[in-house]
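Summary of structural features
What follows is the residue order along each chain.
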Amino acid sequence: MPACLGLDTSNYTTSAAVFDGAAMRPAGQLLSVPEGAMGLRQSDALFQHVKRLPELFARLGELGAFADLRAVGASTQPRRLEGSYMPCFLPGETVGRCLAQVLGVPFFPFSHQEGHIAAAAWSAGREDLLDRPHLAWHLSGGTTELLYVQPEGREIRARRVGGTSDISAGQLLDRTGRLLGLPFPAGAALDRLTAGQGRGEFFPVKIKDYTFSLSGVENKVKALAERGEPPQRVACYALDTIANAVLAVTRAVQAGGEALPMLCSGGVASSQRLRHWLEGAVFAQPAYSSDNAAGVALLAYRQIS
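Attention here is on the structure that accompanies the text. (Residues numbered from 1 in each chain as written. Predicted model: local features only at pLDDT ≥ 70, side-chain atom pairs only at ≥ 80, totals over all residues. Heavy atoms only, no water.)

What to know about the pairing of strand β2 (residues 13-19)
In summary, the side chains of a regular strand alternate between the two faces of the sheet. Which entries qualify depends on this criterion: A simple rule labels every residue: compare its accessible area, found with a 1.4 Å probe on the protein chains alone, to the largest value its type can have, and call it buried under 20%, exposed over 50%, or partly exposed in between. Secondary structure is summarised from DSSP: a helix means a run of H or I of at least four residues, a strand means a run of E of at least two, and numbering begins at the N terminus for each. For two strands to count as paired, DSSP must find a minimum of two bridges between them.
For β2, the tally of buried residues reaches seven of seven residues, placing the bulk of the element in the interior. Along β2, one buried face is formed by T13, S15, A17 and F19 and the opposite face, lined by T14, A16 and V18, is buried too. Here strand β1 (residues 3-9) pairs with β2 via six bridges, running antiparallel. Its bridge partner lying in β2, T9 is registered against T14. The loop that links β1 with its antiparallel partner β2 comprises three residues. Here β2 pairs with strand β3 (residues 24-30) via seven bridges, running antiparallel. Among the inter-strand pairings, A16 is bridged to a residue of β3, identified as A27. Taking the residues between adjacent antiparallel strands as the criterion, β2 and β3 are bridged by four residues, where G21 takes a positive phi near 95°.

Put into structure tokens, the structure is as follows:
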């Protein structure tokens with residue numbers, strides 16, 4: 001069957017995927033972060049992508065995924081905005097453009113954010129959302145944004161309507177994890193710590209124009225950890241504060257206009273605790289919440305179908 005290859009080289013994951021209109025064949029690998037570090041320099045991420053892309057191509061080749069490629073897509077920037085740029089996207093874009101030229105097939109550039117939205121919709125069984133206006137949260141280590149998403153031909157366009165004014169939800173969780181001695185990235189470990197815990201105290205963040213700050217929450221979390229509060233309580237405090245803020249902004253936006261469907265994407269959206277707070281929202285399958293190339297492959301396929 002005709003298929004499309006998608007590539008995404010983010011700051012923490014090298015990923016590729018092939019989609020043929022029905023089956024998705026993903027391949028991805030987290031980048032190596034030194035113990036105790038809170039992330040990677042762009043130069044280090046870029047180097048690891050260059051080393052790992054051939055490994056992912058070999059895995060997909062063993063599955064026979066490249067039999068009938070008709071197009072190649074890649075994430076080329078974080079958001080579809082002028083000046084939105086990160087060097088880590090260069091390996092995926094460069095390999096994608098070269099491969100498309102060799103195969104004589106079209107190359108389609110997308111934003112990392114658009115890929116997240118598409119992967120979330122597809123994995124949730126709600127690809128129909130890509131053909132209608134909807135709201136989407138992009139909750140990750142680098143981004144906490146509420147987006148108004150609308151179709152533009154067979155592509156999608158996302159416009160920011162709210163979110164954080166300083167650190168992202170993922171940054172808050174990773175810094176909380178560091179205080180508790182958890183490995184980076186810390187989201188999954190924090191989620192496990194909170195399993196079975198009821199809703200408790202959270203920081204009442206102030207919301208203005210659908211925007212809120214999480215830097216004050218970081219100070220509160222640090223104080224809780226320093227006075228010896230149980231790790232479960234500290235983890236719940238951080239996650240519940242994020243969940244409450246996201247829920248409050250969502251309700252405020254929906255109250256100010258039509259009640260559009262809500263989609264949640266990004267690594268933080270894989271949190272089971274967050275999912276309990278946001279009942280009724282459409283969530284990506286956990287495997288497609290974090291950085292991945294599935295959405296890029298899907299968007300490329302939509303261009304030729």
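Let's talk about the side chain of D191
Let me state the cut-off plainly: In this charge count, Lys and Arg are treated as positive and Asp and Glu as negative; neither His nor the chain ends contribute. The salt bridge definition used is simple: a Lys or Arg side-chain nitrogen within 4 Å of an Asp or Glu carboxyl oxygen. Residue contacts are defined here by distance: any two heavy atoms, one from each residue, within 4.5 Å place the two residues in contact.
Within the secondary structure, D191 sits in helix α5 (residues 187-193). Comment: no salt bridge for buried D191; closest opposite-charge side chain is R273, at 6.7 Å. Those residues in contact with D191, other than ones at most four positions away along the chain, are L239, S270, S271, Q272 and R273.

A look at the packing of aromatic side chains
What counts here: Two aromatic rings, drawn from Phe, Tyr or Trp (for Trp, its six-membered ring), form a pair once their centres lie within 6.5 Å of each other, and the interplanar angle then sorts them: stacked below 30 degrees, edge-to-face above 60, tilted otherwise.
Counting across every chain of the model gives six aromatic pairs. A centroid spacing of 6.0 Å and a plane angle of 80° characterise the contact between F19 and W122, whose relative ring orientation is edge-to-face. In this pair, F19 is assigned in strand β2 and W122 in helix α3 (residues 112-123), connecting sequence segments 103 residues apart. One aromatic cluster in this structure is built from F19, W122, Y288 and Y301.

Some details on the sheet that holds β1
Defined as follows: Lines fitted to C-alpha atoms define the axes here, with helix axes fitted over just the stretch in contact, and angles between the N-to-C directions of these axes take values from 0 to 180 degrees.
The strand order β3-β2-β1-β4-β5 describes an open sheet built from five strands, whose pairing is mixed. At either end of the open sheet lies a strand with only one pairing partner, and these are β3 and β5 (107-111). Put simply, the sheet's adjacent strands are angled 15° from each other on average, direction ignored. Contacting β1, β2 and β3, helix α1 (residues 42-62) runs over the sheet at an angle of about 150° to β3. Running over the sheet, α3 touches β1, β2, β3, β4 (69-77) and β5 and is turned about 90° from β5.

With respect to helix α6 (residues 215-226)
Stated formally: How far a helix is expected to stretch is found by multiplying one less than its residue total by 1.5 Å. In this description, the arc belongs to the directions extending from the helix axis to the C-beta atoms.
For α6, which comprises twelve residues, the first-to-last C-alpha distance of 17 Å matches the rise-based estimate of 16 Å (1.5 Å per residue) to within 8%. Of all the positions in α6, only V217, V221 and L224 are classed as buried. Across the axial projection of α6, the buried residues extend over an arc of 60°, all falling on one side. Exposed residues on α6 whose side chains face more than 90 degrees from its buried face are N219 and E226. As for α6, its buried residues are in contact with α4 (169-179) and α7 (231-255).

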